[in-house]
Amino acid sequence: MKPFLRSRKNRIVFGVALGMLVLALGILRFCIYVNNFQHTERVTSPTGEQQAYLTDYLNQTYPAKRQQILRGLPYSTTPAALDVFAESAILIDTANGCVLYEKNADEAIPPASITKLFVMYIAFQEIEAGKISLDDIVPLPENSWAVNLPSDASLMFLGQGQTVTLRELMEGLAIASGNDAAIAVATYISGSVRDFVVRMNEEAQKLGLRYTHFEEPSGYSEKNITTARELATFARVYINRYPQSLTDFHSVLEIAYPKKENLAPWQKDRGDRAAIHQKNTNVLLRTLEGCDGLKTGFIYESGFNIALTAKRNGIRYLSVTMRGPGKNSKEGNVYRQKDGTLLMEWAFASFADYIPLEHIAPAYTMAVTGAKGKFVRLVPAWTNVISVPHLYGDTAQDSARLVTVELTKPNFIYGGTMAGETYGRICYKLGSIVLEEVPLVADRTIERAGIWGRFWGTVASRFL
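Residues numbered from 1 in each chain as written. Predicted model: local features only at pLDDT ≥ 70, side-chain atom pairs only at ≥ 80, totals over all residues. Heavy atoms only, no water.

Participant: Looking at this structure, how should I read a nonpolar patch on the surface?
Facilitator: A cluster of nonpolar residues, Leu391, Tyr392, Leu402 and Ile433, forms a patch on the protein surface that exposes about 350 Å² of accessible area. Relative to the helices and strands, leucine 402 is located in the loop between α11 (396-401) and β13 (404-408). (Patch = residues over 30% accessible without salt bridge, like charges linked within 9 Å, V, L, I, M, F, W, Y side chains within 5 Å. Areas by Shrake-Rupley, 256 points an atom, 1.4 Å probe, with all protein chains shown as cover. Salt bridge = Lys/Arg side-chain N within 4 Å of Asp/Glu carboxyl O. Helix = DSSP H or I, 4+ residues; strand = E, 2+ residues; numbered from the N terminus.)

Okay, structure coming up:
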């Protein structure tokens with residue numbers, strides 16, 4: 001019998017069978033290739049370098065959304081007609097920096113004792129850096145003694161020979177609004193008041209506060225200058241970065257100083273009888289639900305100022321009112337209280353926060369064909385809390401619960417990606433109102449494949 005392949009017929013049959021086998025293997029390999037694009041769980045996390053590039057790119061592309069500055073609401077509203085007595089005012093949602101109300105918010109006004117918030121901010125920075133501690137004993141320079149300060153200055157009553165910790169001085173700043181405490185802390189941190197003021201102005205510049213300038217740290221000088229908008233910008237950064245300042249200092253109702261342990265050795269026999277009891281200058285701590293800060297200020301050139309914050313049901317608002325009316329401290333506090341209560345009650349009644357990351361995925365993995373990588377993650381360009389207006393239901397929270405999410409993204413991406421470029425969108429809506437649209441951007445760059453890679457990517461795309 002002749003060998004099988006010597007027959008022409010058999011050779012044809014063998015060739016066909018071999019061709020079919022090769023074709024079957026090719027189809028199998030292509031199916032495996034296409035199937036690989038279905039396994040989105042195989043996506044790798046971006047490298048540190050990729051993440052850093054994306055963050056920098058998005059910060060530059062969407063500065064108003066991602067950086068610590070104030071911005072308007074992302075949807076149209078009718079400005080509220082509120083009877084605010086102060087000449088200048090602003091109200092913000094601290095979660096996203098959205099301005100809910102403003103009145104002459106860019107008028108230049110001395111901040112008065114609200115200046116002391118900058119002193120505390122810098123002190124917290126130094127503590128965070130491990131350079132100082134709240135338990136440090138702070139030397140009291142002669143210019144910080146109460147007897148050497150103007151008789152109309154706010155004081156915690158520091159004196160010669162006293163022993164005082166930084167924690168007590170921070171209480172003196174927040175509760176009694178002590179000018180003497182401001183001088184002591186400034187000197188302790190920077191070596192002199194002059195050098196500390198340089199630091200204050202540097203910090204203001206870092207925060208982008210163009211119109212804020214300081215001449216001294218207590219707020220006594222009318223040459224210190226800022227605006228309600230810039231004070232709100234700073235105060236938002238301050239309480240978001242150092243929330244412990246509210247519980248530990250700004251919400252404390254009173255201070256008693258100096259106690260026996262603070263007194264100079266030759267005064268110890270006086271015991272705690274020497275202590276001067278002072279109530280927190282922020283009267284709204286006792287009258288406004290959820291109020292836990294922040295700071296008052298008054299000099300004749302500024303009128304009655306207050307940076308005020310309150311939190312209810314996890315939502316925090318912050319207002320700044322400046323040039324409030326009043327012939328004396330009692331009248332000034334009445335108007336502060338009226339303005340602060342009006343603004344806060346209106347905010348809590350009119351808005352509620354919607355937290356996107358409680359309703360969307362942090363990232364969406366997409367197949368990338370015709371490229372040198374198979375997967376990319378699409379991430380929201382920002383995930384800011386959305387201030388939802390009270391349009392439905394009995395409360396603003398009812399409206400927030402009715403927000404819907406519309407996600408638009410492709411089935412796949414062809415030909416590579418560029419980090420930070422938009423490949424989809426997330427739309428948040430309340431009824432027919434678009435509250436905010438957020439781009440979905442690639443979290444990494446994937447280069448385009450060569451000609452054969454693009455060919456097979458085109459073919460694979462038809463099956464995705």
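Participant: Would you mind showing me how to read the packing of aromatic side chains here?
Facilitator: How two aromatic rings sit relative to each other is given by the distance of their centres and the angle of their planes. With the rule as written, the count across this model stands at 17 aromatic pairs. With 6.0 Å between their ring centres and 70 degrees between their planes, tyrosine 121 and tyrosine 242 make a pair best called edge-to-face. Remark: tyrosine 242 occurs in the loop between α8 (228-241) and α9 (244-250) and tyrosine 121 occurs in helix α4 (residues 116-128); sequence separation between them is 121 residues. Across the pair, tyrosine 242 and tyrosine 121 agree in class, each one buried. Look at phenylalanine 298 and tyrosine 300: their rings are 5.3 Å apart centre to centre, the planes differ by 75 degrees, and that puts the pair in the edge-to-face class. The class for phenylalanine 298 is partly exposed, based on a relative accessible area of 33%. (Phe/Tyr/Trp six-rings, centres within 6.5 Å; stacked < 30°, edge-to-face > 60°. Buried < 20%, exposed > 50% of the residue type's maximum accessible area, 1.4 Å probe, protein only.)

Participant: Looking at this model, I keep getting lost on the sheet that holds strand β3 (residues 98-103). Mind explaining?
Facilitator: Sheet architecture is open: six strands sit in the order β1-β3-β2-β8-β7-β6, paired in mixed fashion. The sheet is open, and its two edges are formed by β1 (71-72) and β6 (291-299), each paired on a single side. The pairing of β1 with β3 spans two bridges and is parallel. By the bridge assignment, glycine 72 is partnered in β3 with valine 99. (Pairing = 2+ DSSP bridges.)

Participant: Explanation requested: the sheet that holds strand β10 (residues 364-369) in the structure shown.
Facilitator: Pairing between the strands of a sheet is mediated by backbone hydrogen bonds and can be parallel or antiparallel. Taken in spatial order, the six strands line up as β13-β15-β16-β11-β10-β14 in an open sheet, and their pairing is mixed. Both edges of this open sheet fall to β13 and β14 (413-414), since each of them pairs with a single strand only. In this sheet, strand β11 (residues 375-380) lies alongside β10 in antiparallel orientation, the contact comprising four bridges. Paired with methionine 366 across the two strands is valine 376, which belongs to β11.

Participant: Would you explain α4 in this entry?
Facilitator: Residues three or four positions apart in an α-helix share a direction because the helix packs 3.6 residues into each turn. Relative to the 18 Å expected for 13 residues at 1.5 Å per residue, α4 spans 18 Å between its end C-alpha atoms, a close match to the ideal helical length. Summarising burial for α4: eleven of the 13 residues are buried, a large majority. Considered for burial, the residues of α4 that qualify are Lys116, Leu117, Phe118, Val119, Met120, Tyr121, Ile122, Ala123, Phe124, Gln125 and Glu126. Once α4 ends, the next one or two residues include glycine 130, with phi positive near 80 degrees. (Expected span 1.5 Å × (residues − 1).)

Participant: Quick question: what am I supposed to make of the environment of threonine 287 here?
Facilitator: As for its position among the elements, threonine 287 is in the loop between β5 (276-279) and β6. Taking the C-alpha atoms as reference, threonine 287 lies 8.6 Å from threonine 341; in sequence the two are 54 residues apart. Within the structure, threonine 287 has its side chain in polar contact with the side chain of glutamine 337 (distance 3.2 Å). (Polar contact = N/O pair within 3.5 Å; in protein donor to acceptor, adjacent residues only side chain to side chain.)

Participant: Explain the packing of α4 against helix α5 (residues 166-174) here, please?
Facilitator: A pair of packed helices can be characterised by two numbers: the angle between their axes and the separation between those axes. Taken N-terminus to C-terminus, the directions of α4 and α5 make an angle of 155 degrees; their axes are 10 Å apart at the nearest point. In this view, α4 runs roughly antiparallel relative to α5, as classed from their interaxial angle. Considering how the two elements wind past one another, α4 and α5 form a crossing that is left-handed. In this structure, α4 contributes Lys116, Val119, Met120, Ala123, Phe124 and Ile127 to the contact, and α5 contributes Leu166, Met170, Leu173 and Ala174. Classifying every residue of the contact of α4 with α5 gives nine nonpolar, no polar and one charged. (Axes fitted to C-alpha atoms, helices over the stretch in contact; angles between N-to-C directions. Parallel < 35°, antiparallel > 145°, perpendicular 65-115°, else oblique. Left-handed = near helix turned anticlockwise from the far one by under 90°. Contact = heavy atoms within 4.5 Å. Nonpolar A, V, L, I, M, F, W, Y, C, P; charged D, E, K, R; others polar.)

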